[in-house]
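If you want the building blocks of each chain, they are given just below.
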Amino acid sequence: MKLHLTGEISAVAEGLKLVMENVDFQLSPDGYPVHVKNQNGPIRVVNKNGYGEISFEKTIHFFRAFGLWMEHFQNETEFDVTEEPQFEMSGVMLDASRNAVPTAAEVENLLRRMAVMGLDTLMLYTEDTYEVKEHPYFGYMRGRYTFEELRACDEYAEILGIEMIPCIQTLGHLKEALKWNYAAAIRDTDDILLVDEPKTYEFLENCIKAASEPFRTKRIHIGMDETFQLGLGKYLQQHGYENHIDLMNRHLQEVVAITEKHGLKPMIWSDMYFPLFAEDSKYKDENGKIREDLIAQVPDVELVYWNYYSKDQEIYEKEMKNHQLLGKTPIFAGGAWTWNGIAPNYGKAIVTTEAGIAACKKEGVKEVFVTMWGDNGAETPFATSLPILQLFAEHTYHQDVTLEQVSKRFEFCGDGHFDDFMMLKKLDETPGVMKDNMNTSMTSKVLLYQDVLIGLYDENIRGLSLGEHYEKLVPELEKAKQNNPAWEDLFGFYEQLARVLSVKAEIGITLKDAYEKKDIEQMKSLLIKLDEIQTNVDLLRQKHRKVWFAAYKPFGWEVIDIRYGGVITRIDSVKYRINEWLDGRITSLEELEEKRLRHDGPWEIVDGLVGGNVYHRIVTAGNFSL
């Protein structure tokens, strides 16, 4: 479609050239006339009497408005639509540390989609995946970003009206960074830095400079969450026990001094201050307020309250009020649940987002973002988060939002059908799993990786008919693949996953049953099934590989290759063992002699949960590190 834009377009002209990759239009003097106004107030898009208008305040609002105008023009002759931004900042945090590091081109692709959605901030979460020249082992062979890559992404974002904020760690979550010998003097535990050690702060100044210099923003996220073992390693040996709140405050003061030196405005995850908020907190006075002397010790940082676990709005409201006890209105971080396993957990992502964002609007929280973590290997492609980003975007511009509204917008902004994407949750939200998968069953992950002959999860799935469930899902995903040509490879990957699990899910139960009955013919037929699984798992690996290399740097794929290779190679050994038994060279299969128990540890198995765990706890009762 040809458009002729007039008015105040100088600030957005360069960005328009970028979004052409996602929105089908051309700029031409003989195109349809649309007048652009840059003014204070809400977004407004109008088309009347053969003439269009777009009104916007911030650059990001223009690209949101432009997408709205194009979407409505495709379906309506005349329209007049107004949107009122609900937040001062609404963005995305993309995990680039848990095995998958998105390429700069993929970051730019995400930025274009964010612009049309109207999301104005992108944080790249980099634990050790950015270049620190003083420490060559920092991020070594992990796909770390160069200064030039980060600078280019920031330039790209600026054109679209999006602020990029570095998001690093300056206390814990540094296991990959601290595993090398260079870090021996600054390591408290295997993933936490040594507080009060001068070399620690020399190291952190190098990191903060390297992480912040590629970006024009003065904001920086310095992490500091989940440091549960703080002061309990080398620090304990050198100095004895000290309360973690005191250690946290002292360390934070040192780090904030570094950020101030470099003109930066820091934010931290707030969870390590939660003990201050407890009802029986020893840190409160007789009036239930946190003691003034403790508040005085907390440096001037913004607090990021992260919660993507509850569907109860009141829980979010209570915690937001608790942050006010420290004199701060928090930034809120929700979750897209891209880290459930191999497939996205849309059920939980939607209900927790609805509750959390409603609380934000009620409690006056002005800044929000959605996290896209990649726990335990980043096996779920980050592209699956786009429907949840759309949900956040609609909440950013409306007080109340329906999924029908999200679906309609996603078809334009995401080039896909919302309902088809929602089918992906069925890979984990299976029989035996509660509605919306609130207990985060990783059904597809445990069934893909668990050993055929040992079957640690076989007792968990007994009687659930999961093979039948996945068999029915295959044609549904095949249809979704056809319905979403822009996402053909993504749906093809998940279609193949369902195909694998339709046979593999319950084969361990069938094998044990046939063995116990000494059913020789069935055991022979199961050998053919095992051949089929091997072939289909390798095809699944290839489809996953195609999706991976379209979006991520190569580093990290070796981990996924090894996981798939483990499934394939183990099946080869399983066939060998069965043939040994069938041919009479061994008298028993000890693996099938063992009584099956429910998998119950270290993660608790509760109602509505088939199973979930990290890879090495799924595949063996042994230990990879021994």
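In what follows, the structure referred to is the one given above.
It should be emphasised that the depicted structure is a prediction, and the values quoted were computed from it without experimental measurement.

Asker: Got a sec to walk through the overall build of the chain? Specific residues and values, please.
Answerer: Across its full length, the chain carries 23 helices and 16 strands. Taking 626 residues into account, the globule formula puts the C-alpha radius of gyration at 25 Å, and the chain, at 26 Å, falls close to it. Principal-axis analysis of the C-alpha atoms places the extent of the chain at approximately 85 × 70 × 50 Å. By the burial criterion, 58% of the 626 residues in the chain qualify as buried.

Asker: An account of the pairing of strand E15 (residues 331-335) is needed here, citing residue identities and associated values.
Answerer: Burial analysis of E15 places five of its five residues in the buried class, the great majority of the element. Going residue by residue along E15, you find Ile-331, Ala-333 and Gly-335 tucked away on one face and Phe-332 and Gly-334 tucked away on the opposite face as well. Alignment of strand E14 (residues 302-306) against E15, held across three bridges, turns out to be parallel. Looking across to E15, one finds that Val-304 is bridged to Ile-331. Regarding topology, helix H10 (residues 313-324) serves as the crossover connection from E14 to the parallel E15, and that connection is right-handed. Of the pairings in the sheet, the one linking E15 to strand E16 (residues 367-372) comprises four bridges and is parallel in character. Bridged to Gly-335 within E16 is Thr-371. Assessed by its sense of winding, the connection that carries the chain from E15 through helix H11 (residues 346-363) to E16 is right-handed.

Asker: How would you explain the packing of aromatic side chains if you had to name every residue and give the values?
Answerer: Enumeration over the complete set of coordinates arrives at 41 aromatic pairs. A centroid spacing of 5.9 Å and a plane angle of 50° characterise the contact between Trp-269 and Trp-373, whose relative ring orientation is tilted. A residue pair is termed long-range when its members are at least 10 positions apart, and Trp-269 in strand E13 (residues 265-269) and Trp-373 in the loop between E16 and helix H12 (386-397) qualify at 104 residues. Both residues of the pair, Trp-269 and Trp-373, belong to the buried class.

Asker: So, the packing of helix H2 (residues 59-75) against helix H3 (residues 104-117): which residues are in play, and what are the values?
Answerer: At a minimum axis distance of 6 Å, the contact between H2 and H3 shows a crossing angle of 75°. As judged from the angle between their axes, H2 and H3 are roughly perpendicular. In this structure, H2 uses Ile-60, Phe-63, Arg-64 and Gly-67 to contact H3, whose residues at the interface are Met-114, Ala-115, Val-116 and Met-117. Within the contact of H2 with H3, the residues separate by chemical class into six nonpolar, one polar and one charged.

The rules we used
- Residues numbered from 1 in each chain as written.
- Predicted model: local features only at pLDDT ≥ 70, side-chain atom pairs only at ≥ 80, totals over all residues.
- Heavy atoms only, no water.
- Helix = DSSP H or I, 4+ residues; strand = E, 2+ residues; numbered from the N terminus.
- Rg over C-alpha atoms; globule rule 2.2 N^0.38 Å.
- Buried < 20%, exposed > 50% of the residue type's maximum accessible area, 1.4 Å probe, protein only.
- Pairing = 2+ DSSP bridges.
- Right-handed = clockwise from strand over helix to strand, strands pointing away.
- Phe/Tyr/Trp six-rings, centres within 6.5 Å; stacked < 30°, edge-to-face > 60°.
- Axes fitted to C-alpha atoms, helices over the stretch in contact; angles between N-to-C directions.
- Parallel < 35°, antiparallel > 145°, perpendicular 65-115°, else oblique.
- Contact = heavy atoms within 4.5 Å.
- Nonpolar A, V, L, I, M, F, W, Y, C, P; charged D, E, K, R; others polar.

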